[in-house]
Amino acid sequence: MNRLILGVLPCVLAACSTPSAVTTAPTPAPASTAQAPVPALSYEVILTKLESPWDMAFLPDGTMFFTEKCHGLSVRQPGGAVVKLVGMKDVKGYSANANDLFCEGQAGMMGVAVDPNFASNRFIYVYSTSSMTAPGTNRVMRLKVNDNATGVTSRVDIVTDIPYKPRASDHPFGGPGAHNGGRLRFSPGDGYLYVTTGDTHNGEVPQSPTRIGGKVLRIDRDGKAAPGNGAPAGFDPRIYTYGHRNPQGITFRPGTNQPYVAENGPWHTDEVTALVAGGNSGWDPRPNIGGRSACPDNYCGYSPNQMGAVDPKIRSGFMPMTDTKTYPNAMKPAWTNDGLSQGLFAGTFLTGSRWKSWDGRMIIGFAGIGIHGTPVGNRLDVLNIKADGLSATRTTVNLPMPAARFRSLVQGPDGNLYVATDEGAISRLTPS
């Protein structure tokens, strides 16, 4: 098949469940703010039988684009019909297929974002793993949606050189396709596209000035560096922040539009961090850094004793997520999950009076990793982050739905929160 997506075929409906009965459950306030009003939540399943849904993006009329990691890009139209737009190699039932797109391990089709000027240009953006350049890369693709949202054309790959891990390495979760980042979000403040990328289990990547893994990129709709990125001299100009492990959540604080990332830690210290232009997040898993010596396959990310149990505090001191000893000016996290790692992959700020005391606060989602005695944490937390972005308090949501591996959180144009779970569902959480 031609590498550009050209064909548009008739609509194909995806499997979609009848919405479940709405379930409600009160959400208790934290002890420190017992009188603060918090929303009661109900939920409704809007799509099921999906293959690892990864991300969502909305149009103002409620049209929802969504990705499935090993299948492709689809759209749920306002009436509920689902159209499969762009399939990966050998996946059946899509209006078009791109034979260079594939999934392996954690890699595949990930983030999706709608252009702020969609009404005039019809552009959407998707982050996916591609075989177009050996041995594979992660790419940001721009697509044009037709007038009735039943197909896409005019594929342009605006970023083609995000690292991909092609071979297994001697690490936990060390198979091909690890640590891709993959979230795409447009800032409501400056209108530029922010792209999160992962370190691919390569110790050299996060602090590298030229390799764009372990970074947050800030680019225009053509993939060119946005002005004011502030990266140090000699850095790729698309880099906005560097020294990241595997950020998979990025969102913008209402009022200031400051970007915040949510990032999963290495068996310790999940982090939420306020980003500043040109900032270093302080992740540097190279050997012979910070008092360490050699590490398996030149990556110290799980050291010491990477295959065995180690107290998270000891592990954090040996291989910190934010190494302020080596990098005193590193961006300091607002919140660190009590020093634990439980699979923090998504976050967004809630807005609207229906969210009561959570209006303006950040909600984050966990995939529930539990290793070497760390409690499993399939949950949603609400963070009240201080204005300076350097500290936060946490409220754990009393879920109105079964606990699951929360992969994406997006507030829709209706003000409700949409959640995608690895188990194969997208649900709507409604506050009252």
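This one's a predicted model, so the numbers in the text were calculated from it and none came from an experiment. In this numbering scheme, every chain counts its residues from 1 along its sequence in written order. Given that this is a predicted model, residues contribute local features only at a pLDDT of at least 70 and side-chain atom pairs are listed and counted only at 80 or more, while totals for whole chains, interfaces and linings are drawn from all residues. Values reported for side chains reflect all heavy atoms of the structure, with hydrogen atoms and water molecules removed beforehand.

### Some details on the sheet that holds strand β12 (residues 184-186)
Within a sheet, neighbouring strands are paired by backbone hydrogen bonds and run either parallel or antiparallel to one another. To be explicit about the condition: Any two strands are treated as partners once DSSP identifies two or more bridges connecting them. In this description a helix means any DSSP run of H or I spanning at least four residues, a strand means any run of E spanning at least two, and both kinds are numbered starting from the N terminus. Between the N-to-C directions of two axes lies an angle of 0 to 180 degrees, each axis being a line fitted to C-alpha atoms and, for a helix, fitted only over the stretch in contact.
Pairing is antiparallel across the open sheet formed by 4 strands, whose spatial order is β12-β13-β14-β15. Each edge of the sheet is formed by a strand with only one pairing partner; in this case those strands are β12 and β15 (239-241). With direction set aside, neighbouring strand axes in the sheet form an average angle of 30 degrees. The pairing of strand β13 (residues 193-196) with strand β14 (residues 216-219) spans 4 bridges and is antiparallel. In the strand pairing of β14, Thr196 is matched with Val216.

### Things to note about the side chain of Asn121
Stated formally: To sort residues, take the accessible area from a 1.4 Å probe on protein chains only and compare it with the maximum for the residue type: under 20% means buried, over 50% means exposed, and anything in between is partly exposed. Contact between two residues is taken to exist if any of their heavy atoms lie within 4.5 Å; hydrogens are not considered.
Checked against the element boundaries, Asn121 lands in helix α1 (residues 118-121). Of the residues examined, Asn121 reaches a relative accessible area of 13% and is grouped as buried. Apart from the residues lying within four places of it in its own chain, the contact partners of Asn121 are Asp115, Lys144 and Arg221.

### Thoughts on the state of the cysteines
Just so we agree on the cut-off: For this text, the term disulfide refers to a pair of cysteine sulfurs within 2.5 Å.
Inspection of every chain in the model, using the stated rule, returns 2 disulfides. Paired by a disulfide, Cys70 and Cys103 hold their sulfur atoms 2.1 Å apart. What sets the handedness of the Cys70 and Cys103 disulfide is the S-S torsion sign, and at about 105 degrees it is right-handed. With a gap of 33 residues between them, Cys70 in the loop between β4 (64-68) and β5 (72-76) and Cys103 in the loop between β7 (96-97) and β8 (109-114) connect regions that are remote in the sequence. On the basis of relative accessibility, which here comes to 28%, the residue Cys103 falls in the partly exposed class. Covalently, Cys295 is tied to Cys300 through a disulfide, its sulfur atoms 1.9 Å apart. Residues Cys295 and Cys300 are joined through a disulfide that is right-handed, its torsion about the S-S bond being 95 degrees.

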